[in-house]
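Residue-level listing of the chains:
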Amino acid sequence: MKNHTLTRRTFLVGAVATLVLAGCGSETSLPDGALGDPNSGTLTFWDNNAGPDRTPLYEELIRRFESANPGIDIEYVGLPSDSAQQKYQTALAGGSAPDLGIVSTAYLAPLVAQNAVIPLDDFMAASPQKDEYDPKIIESAMESGGGENLYGLPFTSNNATLWYRADWFDEAGIEPPDTWDEFYDAADELTDKSDGRYGFTIRGGAGSIYPLLQHMFATTGIDNFFDGSESTVNRPEMVEAIERFAALYDVDTPTADVNNGFPQMVASFGGGSVAMMQHNLGSLSNHKKSLGDKVGAVALPLADNGVRTVMTDPFPSYTVFKSSQHQAAAWKFLEFMTSPDSQAYWNENVGQIPVNTIARSAPSFAEMPSVQAAQAALDDPDTVLVTPPDYLPDFGKIVQVQMLGQWQKVLIGQISAQDFADDFAEKLNRSKAKYDARQGN
């Protein structure tokens, strides 16, 4: 590797380090017309979430790939997550896009609209790994890019999870919830304000709308953001779900939750004042560090209709840029990175779910209850995945900015759940109408 922007660190390689790499340099199949030599070239690879925990994982995987493919050099560039999207746009404007990079499905659609990235469907169809990728996740990734083609290949799933204090549940003699009635009963039973204990921490600050939506879809079993041109978020059952969820605030949750984001929630949970919190698999390391074996995890409970309905988090995805002259070699690297061994290695170290289903049988995952719970939900054929409409140009602004203050007003009783849901639906409907008009629909 050359020109790394972050210093290489020495680290311990996990249990999947003993890989069989012999075939990695020769098994890739390519579609006709793939640009460039699949066996040579220098590729610039951008990581959209670099840092001391994950950069060493990429450095190790790149080392393995280059060892198996001596004609290809990978130049790793690590980007901070909070500026990655802007850096991609700046590079495109200046004609200096990388050969390939990791992008979130939350901002994949603008790259597709700019004709900046190539569809990967033909590459995948020619790949010997094509049947190993989770079809539900692939379908969801296609929807995020606009629905017709696969522009980003996900490599990890980071599902919403209900984390709970296993020791508190044991002491109270109750099981972790598998229905929403059980969840609300547990939140109430485990609250003891006189002792500074609360059954749940509800996210009211930054980043709160995604988990709220995940709760709404998981509770109601509604399986889509839109019914035709009309948003589903203000259906009566959605409003009821918002009302019931918001009613937890300052009753079975800390008062400070109205302003709390992820760091404050983790501090409350790990500090011993909260019994349950909703967050994705990415917080595993935080909980293990503070609570050890006192933490448990289950998938979000079944909806009232008996179906487990999972609104997906944005997927980080490998994407190949159209300006690259080494698209064939880029796919070869991408295919290696989504092989069972690479997938198991990366995901076991971050505590998330491989998109390559073969990788899920790695022994290390059996020791991660959070991954097991989320994986079981994904593997269940009856589970329904709901994909957020990331393809809408305004969606990120709506959920990250415009609805945040409105949700806080619901929590403190300044506006009703109905008014919140109607406002939300109106914004989504306007955004979809604009998108459909541009698409000629």
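Quantities reported herein were computed from a predicted structural model and do not represent experimental measurements.

1. Regarding the pairing of strand S3 (residues 100-104)
And then number 1: Burial runs high along S3: five of the five residues are buried.
And then number 2: Residues Leu100, Ile102 and Ser104 line one face of S3 and the alternating positions Gly101 and Val103 line the opposite face, and both faces are buried.
And then number 3: Bridge count for strand S1 (residues 41-47) against S3 is two bridges, and the pairing is parallel. Considered in S3, the bridge of phenylalanine 45 is made with leucine 100.

2. Digging into the sheet that holds strand S4 (residues 153-154)
And then number 1: On the basis of which strands lie adjacent, the open sheet formed by five strands has the order S2-S1-S3-S12-S4 and mixed pairing. Each edge of the open sheet carries a strand with a single partner, namely strand S2 (72-78) and S4.
And then number 2: Sheet strands in contact with helix H12 (residues 327-337) are S1, S2, S3, S4 and strand S12 (316-320), and its direction is about 160° off that of S12.

3. Looking at the packing of helix H9 (residues 236-246) against helix H17 (residues 417-439)
And then number 1: At a minimum axis separation of 9 Å, H9 and H17 run at an interaxial angle of 125°. It follows that H9 is oblique to H17 by the angle criterion. Judged by the twist between their axes, the crossing of H9 over H17 is right-handed. Contacts from Val239, Ile242 and Glu243 of H9 reach H17 at Ala417, Gln418, Phe420 and Ala421.

4. Here we look at the nonpolar core
And then number 1: Judged by nonpolar contacts, the single largest core of 57 residues is most densely connected at Leu213, Phe225, Met276, Trp407 and Phe424.
And then number 2: Mapped onto this core, the elements with two or more residues apiece are strand S6 (160-165), helix H6 (166-172), helix H7 (180-189), helix H8 (209-220), H9, helix H15 (395-402), helix H16 (404-411) and H17.
And then number 3: Counting 34 residues, the second-largest nonpolar core is a separate cluster that includes Tyr76, Leu153, Ala330 and Val350.

5. So, helix H1 (residues 55-68)
And then number 1: With 14 residues, H1 extends 20 Å between its outermost C-alpha atoms, agreeing within 8% with the 20 Å of an ideal straight helix rising 1.5 Å per residue.
And then number 2: Counting buried positions over the 14 residues of H1 gives eleven, a clear majority of the element.
And then number 3: At its buried positions, H1 is contacted by S1, S2, S3, S12, H12 and helix H13 (340-350).

6. Comments concerning the sheet that holds strand S10 (residues 295-299)
Strands belonging to one sheet form pairs held by backbone hydrogen bonds; the direction of such a pair is parallel or antiparallel.
And then number 1: Strand order in the open sheet made by the three strands is S9-S6-S10, with antiparallel pairing throughout. The two strands at the open ends of the sheet, each matched to only one other strand, are strand S9 (276-280) and S10. With strand direction ignored, the average angle separating the axes of adjacent strands in the sheet is 30°.
And then number 2: Relative to S10, S6 runs antiparallel, the two being bridged by five bridges. Residue pairing for S10: tyrosine 164 is matched across the bridge by glycine 296.

7. A few points about helix H11 (residues 284-291)
And then number 1: Regarding H11, the residues found buried are Leu284, His287 and Leu291. An end-on view of H11 places all buried positions within 70° of arc, on one side of the element. What points out from H11, more than 90 degrees from its buried face, is the exposed set Ser285 and Lys289.
And then number 2: Those residues of H11 hidden inside the fold are in contact with S6, helix H10 (262-270), S9, S10 and helix H14 (369-379).

Analysis parameters
- Residues numbered from 1 in each chain as written.
- Predicted model: local features only at pLDDT ≥ 70, side-chain atom pairs only at ≥ 80, totals over all residues.
- Heavy atoms only, no water.
- Buried < 20%, exposed > 50% of the residue type's maximum accessible area, 1.4 Å probe, protein only.
- Helix = DSSP H or I, 4+ residues; strand = E, 2+ residues; numbered from the N terminus.
- Pairing = 2+ DSSP bridges.
- Contact = heavy atoms within 4.5 Å.
- Axes fitted to C-alpha atoms, helices over the stretch in contact; angles between N-to-C directions.
- Parallel < 35°, antiparallel > 145°, perpendicular 65-115°, else oblique.
- Left-handed = near helix turned anticlockwise from the far one by under 90°.
- Core = buried A, V, L, I, M, F, W, Y, C linked by side-chain atoms within 4.5 Å.
- Expected span 1.5 Å × (residues − 1).
- Arc of directions from axis to C-beta.

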